Amino acid sequence: DIVTDNGVVHVIDAVLVPAAPFTVWDVVQESEIHNTLEAAVLAAELDGALSDPNAELTLFAPTDDAFAALPDGLIDELLADPSGFLTEILLYHVVGAVALSTDLSDGQVITTLNGQDVTVTFDGGNVFINDAQVILADIVTDNGVVHVIDAVLVPEQLPCLDFVAGPFNNFNTQFGGAPVADASGACPINQLTGFEAWASEQYIVDGFVEGVEYTFSICEGPGAGSWEPELTVTDLDGNLIAFAEDCSITWTSPASGTYLIGINEVGACGAESTNLQTDNGFPTLTCTGVVTIWSIVQNSDVHNTLEAAVLAAGLDGALSDLEADLTLFAPTDAAFAALPDGVVDALLADPSGDLTQVLLYHVIGESLSSGEVAASSFLTTLQGEDVTVTVAGNVVLINDAAITVVDLVADNGVVHVIDAVLIPNIVSVDELDAVSFQMFPNPATDLVNMNVSNIAPNTGYQIYTSTGSLVSNGLLQPGLNTIDVSGMARGMYMFSILTDHGMKTERLMIK
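Criteria and thresholds
Residues numbered from 1 in each chain as written. Predicted model: local features only at pLDDT ≥ 70, side-chain atom pairs only at ≥ 80, totals over all residues. Heavy atoms only, no water. Helix = DSSP H or I, 4+ residues; strand = E, 2+ residues; numbered from the N terminus. Contact = heavy atoms within 4.5 Å. Areas by Shrake-Rupley, 256 points an atom, 1.4 Å probe, with all protein chains shown as cover. Buried < 20%, exposed > 50% of the residue type's maximum accessible area, 1.4 Å probe, protein only. Patch = residues over 30% accessible without salt bridge, like charges linked within 9 Å, V, L, I, M, F, W, Y side chains within 5 Å. Salt bridge = Lys/Arg side-chain N within 4 Å of Asp/Glu carboxyl O. Pairing = 2+ DSSP bridges.

1. Points about the overall build of the protein chain
Reasoning step 1: What the protein chain contains, in helices and strands, is 14 helices and 32 strands.
Reasoning step 2: Sequence separation of at least 24 residues holds for 62% of the intrachain contacts in the protein chain that already meet a minimum separation of 6.
Reasoning step 3: Counting every atom, the protein chain has about 24,800 Å² of accessible surface; 51% of that belongs to carbon and sulfur.

Below you can see the structure in the form of structure tokens.
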């Protein structure tokens, strides 16, 4: 009681120290089940942010068991790159506001400090953040609140912008898809393990994301710079998206989905090289002085439909190969026009399926003169089935098609013109014309509906990846069918209906 004019003083024998704020970071440090989270936060140097007494935060805190459930080796990869994807993952667990359990609602979308959203779901009295269940809620601190969750939240992998190919040794390989980060967030250096550009090639690439600017480069590797490349990007309808007279091309994807990357080697034939610009912008290399089966088809006035079909099926490279030794039975435009209405359009709509089967049924894997053909009883085609050879007077028939022009000799084989289209047993013209189906939604996510007509009950279907791997099969009934595709990765697939006489295929996109 030392009384003064403005109060009173009491003398004490110790210094009073105010209690330190209890923060979100203190909860992590003092927890016995958040050791991995603590190590990750320290590695990413985010402990200061979680300790800030002036912050207002919500932390969804995965347990040690949640981290242990990640793929083997992933935690070590993340800790080895703390400023990269590890930081992105940790920030995806933090909200820049206080959200108690009473503030959460079913279907609520919350933006994290990573910039991406998480979704709140109520299910049977349980609360989920994305797919992680909240197992302990409302650990309140002086700078926010902590909710313990049983799984690690992984943000969406953003697409990799650089699409690099090389080194160069074998170009006859399909691309695996637009580049995306791996589980640790790292972008691949090479999307193709190796190729060498030769003449004109186009390759299908799925998985591009709308609005993303990609760069494709073939500027490095053995042989780069020894030839002048031209690069193109086209959509599946043949529309030119981008063109560059360079070893690198940059374009913005106008829509999510599949595109064709084209590479043309200018001057592959030296001084005899000629480059022709086609309707879709893709340059086609021809070598003057060199005659190929493909150049015979291209230069013919009566094989325009055959030319379009070969281009659609991507078989022009095979018919241009100077190392090949082939015989082509070439149906005329009139032969294609004689097919039932709608069949040509149906074939062109299925270039990797029935159209390829039909075209390969016209090719023999050795060069045969007209005399050698006439001396044969049957010939095995590249499609795998045999054609029969019949001599009636002065006419040679291949199945029921008459050879009208013989022995058009090329440097890689010979062409014989025929007056009808050869149809292998695996393809039914009648059924191609009759079977129809509608597929919706397309692109699909979890379910796709198939409205099918003119099929028998229990007709089989198969779904293949763009590289030919079977991923699903089952049975269809006439009318509306619903198929679960939730387990399929995003990208382009081929959906085929199998009948007693053949196959009909459509593209299916999973997004």
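Back to the text.
2. Points about the side chain of Asp 235
Reasoning step 1: In this fold, Asp 235 is placed in strand 13 (residues 228–235).
Reasoning step 2: By relative accessible area, Asp 235 is classed as buried at 16%.
Reasoning step 3: When sequence neighbours within four positions are dropped, the list of residues in contact with Asp 235 reads Ile 241, Tyr 259 and Leu 260.

3. Here we look at a nonpolar patch on the surface
Reasoning step 1: A contiguous nonpolar patch, built from Ile 2, Val 9 and Val 11 and spanning about 290 Å² of accessible area, is present on the exposed surface.
Reasoning step 2: Along the polypeptide, Ile 2 turns up in strand 1 (residues 2–4).

4. Here's the deal with the sheet that holds strand 7 (residues 126–129)
Reasoning step 1: Taken together, the 7 strands give an open sheet; going across it, the order is 4-3-9-8-7-6-5, and neighbouring strands pair in mixed fashion. Lying at the two open borders of the sheet, with one neighbouring strand each, are strand 4 (94–95) and strand 5 (109–111).
Reasoning step 2: Strand direction decides the pairing type here: strand 3 (residues 57–62) and strand 9 (residues 144–149), joined by 6 bridges, are parallel. Of the residues in strand 9, the one forming a bridge with Leu 59 is Val 146.

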